[in-house]
Structure formats: C-alpha cells, structure tokens
Amino acid sequence: MIRRVVARLVMTVVVFCLCAELMALMVYYVETGGLFYIHDKVYQDVLSAPENGRLVREALHPYFGPTHTPGTAFDAPESMWVNGSSPSHAETNNFGFVSSYSYPFVKARSNEFVMGIFGGSVGLWFCQVGVDRLLEGLTQHPFFRNTEIIPLCFSHEGYKQPQEALVLAYFLSIGQQFDLIVNIDGFNDVALADLNNERGLDISMPSVQHLDPLINLVNQSTLTPDKLESLATTVRYRQQLTDLVSRIRANRLASVNLVLDQVYKRRLAAYVRERGRFNNLPSASSDSSLIQVTPTVKAREGVTLFTDIAEQWASSALLMRDLSAARGVAYFHFLQPNQYYTTRRFSEAEAAVALREDTPYKRSVELGYPALVATAQSRLSNAGVQYFDATHVFDREPAPVYMDDCCHYTLVGNRVLADFIAASILGAPGPWRDRVN
C-alpha cells in the first residue's frame, strides 16, 4: 500500500515537472521565438555592485569631473563575449580610463599609430568590444598593414561636451601624441544636458546624474537620508540582478528559467524605479559646499534648450578638430545611433529590452537629435570637419543591436558601428588615400 502511494506520488511529481517544462517551453517560444535549450535570451546588463564596501566605483577628478579610481575592474558581460570567450579583462589606468596603457602613452617604435577614442559610455563599450573589429577593417588597407595601431580609450560613462574637448586639451598639454582621433557621441549631449537644465545646472556642466551622487558623498550635508537610503537600495538591487543573470545563464531547465525570469523582471522594474527615484530626489542645499557647480546661466526651454545644446556640442567638436589639426592629427566625429531616433524595425524581443515609453531619455532624443543633425550640417560639415551621421547604421541589421533601454549596443551592434567607422575613415582624405589597394 505504501509503495503504491509512493509510486503514485512520484509519478504525479514527474508528470507535473514534465507539464511545467512543456508549458515553460511554450511561454519562452512565444516571448522570444526560440527554443529555450538552444537560444540565449538577451538580458539588460547591469553593472555589478561595487566591492570593498564602497557605495560607488567613481571618484571626482579636478578637471574631468566624475572618473573611475585606478585599478577598477571592467569585465565585459557574457553577452559581449566573442565565440564563447571573454575579451581580455581590463581595468582603469593611472587616470581612471579603461586601458591597458598608462597615460600619456609614448611611442616605442616608428610604426606605432596612436588612435584616441573619445565619448561617453557608448565609446567606453566600443573601446572594449568594438575596437578589434575596427582594427580589422583598417588593417585591410595597405597603409595600415605594416602599422601597429594603438587604441587608447578616453571615453567615460556620462561624458558629454565640453568634457571631451577638455579631456583632449588636457592630454595634449601633457604630451600625449595622437595620429587619429575618433569621437563617438551625441546621446549624452541631449539626454544628460536636458536633465542638467531640469535640475538647475548649466548644460555645460558634467552630467548631474553622475555628478550629484559624488557631491553628496563628498559633502555629507547635501546627502539627505532619503538619498542615502535610495543609493544603498540601488546598489543592493544591482547586485541581485547580477546574481540572477548568472543563475539564469547557468540554468538548463525551461521551467526553472520561467520562474527566474519573472523574478528578474520584477527586480529590474524595482531597480529602474529606484534609480529614477534617486535621480529625482533633491539634494540638501549647502552654502559651504566644497564643490561648486555652475547653475543655469540663462533660461532655456523647448526649442531654445536643444538649439543651445547642439551649438555647444558643435563648438566643442570644432575645438577638438582645431586642436587636432594644429598637430597634424586626423579628427573624425560620429553621431551615435539611438533607438529613439531611428527607422529601425524592432523585433518583439528586442523592443522589450530596448524601448520604454516612460524613460526620460526618449523625449530628449526625439527633440534633441534633430537639432544635432541640423547643427552638424550647418557648422561641422560646412567647416570641413570629418563628420558622419551614424544614426541609421542599424536600420537593416536583423539581429538585436540594443542591449538596454538607454543607448548601449550588443556585440553585433558594436561590430556594425565599427564597420561603418572603418569605411568612413578609409573613404575620407588622409595619408591612407595616397596608397593604392
């Protein structure tokens, strides 16, 4: 009798597990269009929580604003791996930029060709997972075949103009040599300058989203209890999301994946809400603050705001071109693609990752990118800047190219952008044009 009951119980559990697995397979197929066992779902990559008891990974640089502390690890998430292998692990150098070289880099051989890559977090990711593809494209040309291209990353999360121009001017002043400069920007300029204006900071100041938390930590009088609690909650959510993604990728059962995926979605929604709450919480005023950030220098709203942002962006780009040209350095400027300014058709799976109606970035891009495009034509192209509009390079790519709802690209997206940059450089005037294929 007991054996029969146990046998029925075991059979019930087995049937339940099989039904649960089949149901989960159906749900997965409806959501992604793939079979769970051979298909990898794309998850939004969220940086893991800082280690060593730190609340943040960043520090304040007296010239650049927010920066990383030297020796901070920068590991590409698994979704960025090439053929199942992780790219080389990098960490921040003596100036806080992610690079295997200390700055200023000094050429050791006559055939070394130094390429500086400037921009925000898109430029930073490109330095790690897109630059190899760019080098492959350039070295197909006879001019570069016997040349060792040294890519140096001067990109950082949140950087926008005039930070990029200031970074270039600083490193030129301390003797950094360049042969080629690639600047990939645009999104931060409209999205983060708009946020600055909304929060009462001048559009020329570093991003309030990146600067304000550091000011709070330096000036404890400006860090309210609500902001401290929210910051700690955000860090905790980030670590939970990182752990969940690791468990999801290690799991081999569709039924378990269904549960973990639902937990991930709820936790991600909570993380996004908390991040937005933190950004909207006001800091306490402090007249004796050690760090003074310039408030808005004039009232800006609507079209005027984005026209001024675009003018500042273009003026800074012209300054970078002029600084480069005075030293015989080729300068190339690329307006980065963004999902909120495109004619691309998104699959349902990619749209779920890349598009959000309630993100503040959507409005900024929709209003700001047309201003950038128009100003680039009137000020950059007419002034002879090697400027290229890359906003449509993803339009015909069928694979997912966006890895989050902000602005960052998948491995495929970085490769597509790299191919466009390589073709643009080789097709433009330069010493490589004197060589025949």
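Quantities reported herein were computed from a predicted structural model and do not represent experimental measurements.

Asker: What is the right way to look at the overall build of the chain in this model?
Answerer: Across its full length, the chain holds 13 helices and nine strands. Counting across all 437 residues of the chain, residues that qualify as buried make up 51%. Accessible surface for the chain amounts to roughly 21,000 Å². Of this, 56% is attributable to carbon and sulfur atoms.

Asker: Mind showing me how you'd approach the sheet that holds strand 5 (residues 112-119) here?
Answerer: Two orientations exist for strands paired in a sheet by backbone hydrogen bonds: parallel and antiparallel. Read across the sheet, five strands follow the order 6-5-7-8-9 without closing on themselves; strand pairing throughout is parallel. The open sheet is flanked by strand 6 (148-155) and strand 9 (386-389), the only strands paired with a single partner. Between one strand and the next, the sheet's axes are offset by a mean angle of 20°, whatever the strand orientation. Judged from the four bridges that link them, strand 8 (residues 330-335) and strand 9 form a sheet pairing that is parallel.

Asker: Looking at this structure, how should I read the state of the cysteines?
Answerer: Note: disulfide means a covalent bond formed between the sulfur atoms of two cysteine side chains. For the coordinates displayed, the defined rule picks out two disulfides. Across the disulfide, Cys127 is cross-linked to Cys153 (sulfur-sulfur distance 2.4 Å). Disulfide Cys127-Cys153: torsion about the S-S bond near 85°, hence right-handed. Taken together, the residues Cys127 in helix 2 (residues 121-129) and Cys153 in strand 6 connect sequence positions 26 residues apart. As far as burial versus exposure is concerned, Cys127 and Cys153 are alike and both buried. Covalently, Cys406 is tied to Cys407 through a disulfide, its sulfur atoms 2.4 Å apart. With the S-S dihedral at roughly 55°, the linkage between Cys406 and Cys407 falls on the right-handed side. With respect to burial, Cys406 and Cys407 carry one shared label: buried. Each disulfide of the chain joins two cysteines, and with those cysteines numbered along the sequence the arrangement is 1-2, 3-4.

Criteria and cut-off values
- Residues numbered from 1 in each chain as written.
- Predicted model: local features only at pLDDT ≥ 70, side-chain atom pairs only at ≥ 80, totals over all residues.
- Heavy atoms only, no water.
- Helix = DSSP H or I, 4+ residues; strand = E, 2+ residues; numbered from the N terminus.
- Buried < 20%, exposed > 50% of the residue type's maximum accessible area, 1.4 Å probe, protein only.
- Areas by Shrake-Rupley, 256 points an atom, 1.4 Å probe, with all protein chains shown as cover.
- Pairing = 2+ DSSP bridges.
- Axes fitted to C-alpha atoms, helices over the stretch in contact; angles between N-to-C directions.
- Disulfide = S-S within 2.5 Å.

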